[in-house]
Amino acid sequence: MYQAFLKLVSTPMIPLSVFKLPMLLRGVMKRFDVQALWPHDYFSSLYHCYPSEWKSRILPDVGRIRSFWRRMRDHPLLDDHDILSRESWQSLCIPISIHGDGVPVTGIAKSWGKSMEVLSWASMLAHGSTLGTFNFIFGIYQSACSTSFGNNTMREFFLRLAWSLEALYEGEHPHRDWRGRRWPAGSEGDKKKGQPLCGPGAAKFFCLVMVMRGDLEWKFKTLSLRNYNENEQPCNSCRANASNRSWEVFTLDVAYIPTIWSSNSWRIAYPHPGCPLFEKRFISILAVVEDYMHTMPLGIYQYMLGSVLWLLAFVKMPSSPDENVQQISAALRTYWRINTTQGHYQNLKRSMFEGDPNGTPLLKGQAGEIKRIVKALFDVWESWRSRSIVDQQISLMLRKFIVLDDLLDEHCPIEHPTLPRNKQDIFEKSCFDVLSCIQFINAHFARNPVHFEGNAKVLFNVTIKCHSLVHIALLSRKMNPRCGICYAREDYMRYFKKIAQSSVRANNVVSCSNKVTNKIRTALHHSFSGQDWLGR
């Protein structure tokens, strides 16, 4: 049916690259044809074939380039960067972001489930819907990826992606192929080599990777960066450890702050990075920012709000835990009804935050749901808390959560690539206030553990996400934290998941990945041509 449909539609003008990668299929290593939409080809085709999409997806207004770089002039990524020597870069360079994540496709929450690794990119100057600003690059099943020496799937992919991003940075079609070899005479690459991506006579726009977004697991497993679970240097931004530069200390005079990497110091320390992207001089480790969504709603909030709910249900309120949870859920719904809120929890259950008997409470849910419960939970907590110092600290922590979320909601990264100076002070102080509260509360319950059914609960657990918040706070003086946030990317992943699930039947992991790429390419073409099949 799908093949018959493709015969009826016009050919997409977005270039499709077909190349071979080493992949595992039923445990056997082979080289298979895979497909990708390389950023430099996509960028060029938008400019020439879909000018209205170029304007909405890449550069809505030329004036935004100068405005962006004027506000970003103090960003540490630009220190000694090659771009500073390029003529008119402040009026021609378009900042872009790259996002990577895994998407569960089949057997969700099952041991035999399979996930796809998805990469996309976006202009940091474009403002619009998720589907209207994000640009697909590549998708591959994680189970098909080989890590053997000489046949590393993702390493070979990143070598090609680095080649494409280099062409995007130069603003020209590449002079050589991804291996550095000359193009065959008369080939398409040979005809285009050296030509500006936007064509002869046009402004020579080019792109710089300013932000690489993803969770800690993606940075470790896919980008081959630091393991966030190890004691010796778990952080990609500094040389914090578990001993003399403990990551568990959260003050402005802590020992690891002077060890924060610059682009040059990181390259000296890691002359042979695991990911080929970082072998390119124009891609800096400083582009790998800590993501506010994975740090707060899908990190700190989960542990802190889970512990607050557990205290309310098991300690503060007089009825049985199940009855208390019902009462909390009713109070939350009342708050959301009075203060109109979209995308909140429909019903709160004990299993959603209790955690293991010997473990720590952890609030489950999507990032948006967890974020939207903060104000309502603060209202419930204030009704039941005591006047003890620790309860006051919990109240202050929740209040600061609200301050941080409201401040970021008020400052769109397109209009405010950096926060206003007075808001920078508020944001940084609120981050360190949050961390101070967490340390105090965690220490209190470590000294005075709360037992339930013979088990001591680990409340208000401190994780590496707290250390990530320190880096978010410090960088907030140079760049709006929303520039590195993943909320919209998670929305994009939901769309991708639907397409991937519709491509599974009668396909192996390789052909399924290629079918997904073809479907996205075809849908984009028809959307760009006026037939809105993407549902924007």
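Residues numbered from 1 in each chain as written. Predicted model: local features only at pLDDT ≥ 70, side-chain atom pairs only at ≥ 80, totals over all residues. Heavy atoms only, no water.

### Describing the overall build of the chain
And then number 1: Within the chain, the regular secondary structure consists of 19 helices and eight strands.
And then number 2: Computed over C-alpha atoms, the radius of gyration of the chain comes to 25 Å, within 12% of the 24 Å expected from 2.2 N^0.38 for 536 residues, which places it in the range of a compact globule.
And then number 3: Once the C-alpha set of the chain is aligned to its principal axes, its extents read approximately 80 × 55 × 45 Å.
And then number 4: Counting only residues that meet the buried cut, the chain has 54% of its 536 residues in that class.
And then number 5: A separation of at least 24 residues holds for 70% of the contacts in the chain among residues at least 6 apart in sequence.
And then number 6: On the chain, roughly 23600 Å² of surface is accessible, and the fraction owed to carbon and sulfur atoms is 50%. (Helix = DSSP H or I, 4+ residues; strand = E, 2+ residues; numbered from the N terminus. Rg over C-alpha atoms; globule rule 2.2 N^0.38 Å. Buried < 20%, exposed > 50% of the residue type's maximum accessible area, 1.4 Å probe, protein only. Contact = heavy atoms within 4.5 Å. Areas by Shrake-Rupley, 256 points an atom, 1.4 Å probe, with all protein chains shown as cover.)

### What to know about the packing of aromatic side chains
And then number 1: A complete count under the given rule lists 23 aromatic pairs for this structure.
And then number 2: On the basis of an interplanar angle of 35 degrees and a centroid distance of 5.3 Å, the ring pair of Trp-266 and Tyr-270 is categorised as tilted.
And then number 3: Trp-266 sits in the buried class, given a relative accessible area of 6%.
And then number 4: By relative accessible area, Tyr-270 is classed as partly exposed at 23%.
And then number 5: What links up through ring pairs into an aromatic cluster is the set Phe-19, Trp-38, Phe-138, Phe-157 and Phe-158.
And then number 6: Directly above the ring of Trp-178 sits Arg-160, whose terminal nitrogen or CZ lies 3.8 Å from the centroid. (Phe/Tyr/Trp six-rings, centres within 6.5 Å; stacked < 30°, edge-to-face > 60°. Lys NZ or Arg CZ within 6 Å of the ring centre and 35° of its normal.)

### Here we look at the pattern of salt bridges
And then number 1: Considering all chains together, one arrives at 22 salt bridges under this definition.
And then number 2: Of the charged contacts in the structure, one is a salt bridge between Glu-172 and Lys-204, with a shortest N-O distance of 2.5 Å. Note that Glu-172 is positioned in the loop between α7 (153-170) and α8 (188-192) and Lys-204 in the loop between α8 and β6 (206-213), a separation of 32 residues in sequence.
And then number 3: Among the residues examined, Glu-172 registers a relative accessible area of 19% and is labelled buried.
And then number 4: Residue classification places Lys-204 among the partly exposed positions, given a relative accessible area of 32%.
And then number 5: The residue Glu-382 makes a salt bridge to Arg-385 at a minimum N-O spacing of 3.0 Å.
And then number 6: Given a relative accessible area of 27%, Arg-385 falls into the partly exposed group.
And then number 7: Taken together, the salt bridges that share partners define one network made up of Arg-31, Glu-156 and Arg-160. (Salt bridge = Lys/Arg side-chain N within 4 Å of Asp/Glu carboxyl O.)

### Observations regarding the confidence of the model for the chain
And then number 1: Predicted confidence across the chain gives a mean pLDDT of 90, with 95% of residues reaching 70 or more.
And then number 2: Confidence over residues 532-536 falls short of pLDDT 50; this stretch has 14 contacts with residues more than four positions distant or in other chains. (pLDDT = per-residue confidence, 0-100.)

### Quick word on the pairing of β6
And then number 1: With eight of eight residues buried, β6 lies mostly within the body of the structure.
And then number 2: Looking at chain direction, strand β3 (residues 93-106) and β6 are connected through seven bridges and run parallel. Opposite Ile-94, over in β6, you have Cys-207 as the bridge partner. (Pairing = 2+ DSSP bridges.)

### A few points about the sheet that holds strand β4 (residues 114-123)
And then number 1: Taken in spatial order, the four strands of this open sheet run β5-β4-β3-β6, and their pairing is mixed. Looking along the sheet, the strands with just one partner apiece sit at the ends: β5 (134-141) and β6. With direction set aside, neighbouring strand axes in the sheet form an average angle of 25 degrees.
And then number 2: Relative to β4, helix α2 (residues 39-49) is tilted by about 50 degrees, and along the sheet it contacts β3, β4, β5 and β6.
And then number 3: Against the sheet, helix α19 (residues 509-528) contacts β4 and β5, and its axis sits at roughly 170 degrees relative to β5. (Axes fitted to C-alpha atoms, helices over the stretch in contact; angles between N-to-C directions.)

### Some details on the packing of helix α11 (residues 292-316) against helix α17 (residues 464-475)
Packed helices, taken two at a time, are described by their axes: the angle between them and the distance between them.
And then number 1: Viewed as axis vectors pointing N to C, α11 and α17 meet at an angle of 145 degrees, and their least axial separation amounts to 10 Å. In this structure, α11 meets α17 at a crossing whose hand is left-handed. Of α17, the residues touching α11 (which contributes Tyr-292, His-294, Thr-295, Met-296, Leu-298, Gly-299 and Ile-300) are Lys-465, Cys-466, Ser-468, Leu-469 and Ile-472.
And then number 2: Across the contact of α11 with α17, the residue classes tally to seven nonpolar, four polar and one charged. (Left-handed = near helix turned anticlockwise from the far one by under 90°. Nonpolar A, V, L, I, M, F, W, Y, C, P; charged D, E, K, R; others polar.)

### Here's the deal with the nonpolar core
And then number 1: Judged by nonpolar contacts, the single largest core of 95 residues is most densely connected at Phe-43, Trp-69, Ile-94, Phe-157, Leu-165, Leu-277 and Phe-278.
And then number 2: Broken down by element, the residue count for this core peaks at nine residues, all from α7.
And then number 3: When neighbours within four sequence positions are excluded, Trp-69 is seen to be in contact with Leu-78, Trp-89, Gln-90, Cys-93, Pro-95, Leu-208 and Met-210.
And then number 4: Counting 73 residues, the second largest nonpolar core, distinct from the first, contains Met-296, Leu-348, Ile-370 and Ile-394. (Core = buried A, V, L, I, M, F, W, Y, C linked by side-chain atoms within 4.5 Å.)

### Quick look at a positive patch on the surface
And then number 1: The grouping of Arg-66, Arg-70, Arg-71, Arg-73, Arg-421 and Lys-478 at the surface amounts to a positive patch.
And then number 2: Here the positive patch gets three residues from one element, more than from any other, and that element is helix α4 (residues 63-71).
And then number 3: The topology assignment puts Arg-70 in helix α4. (Patch = residues over 30% accessible without salt bridge, like charges linked within 9 Å, V, L, I, M, F, W, Y side chains within 5 Å. Lys, Arg positive; Asp, Glu negative; His and termini not counted. Charge placed at Lys NZ, Arg CZ, Asp CG, Glu CD.)

### Brief notes about the state of the cysteines
Structurally, a disulfide amounts to a covalent bond that connects the sulfur atoms of two cysteines.
And then number 1: Considering all chains together, one arrives at zero disulfides under this definition.
And then number 2: Free cysteine: Cys-412, not disulfide-bonded; nearest cysteine sulfur from Cys-483 at 8.8 Å.
And then number 3: Judged by its relative accessible area of 15%, Cys-412 falls in the buried class.
And then number 4: The thiol of Cys-512 is unpaired, and the distance to the nearest cysteine sulfur, on Cys-145, comes to 13 Å. (Disulfide = S-S within 2.5 Å.)

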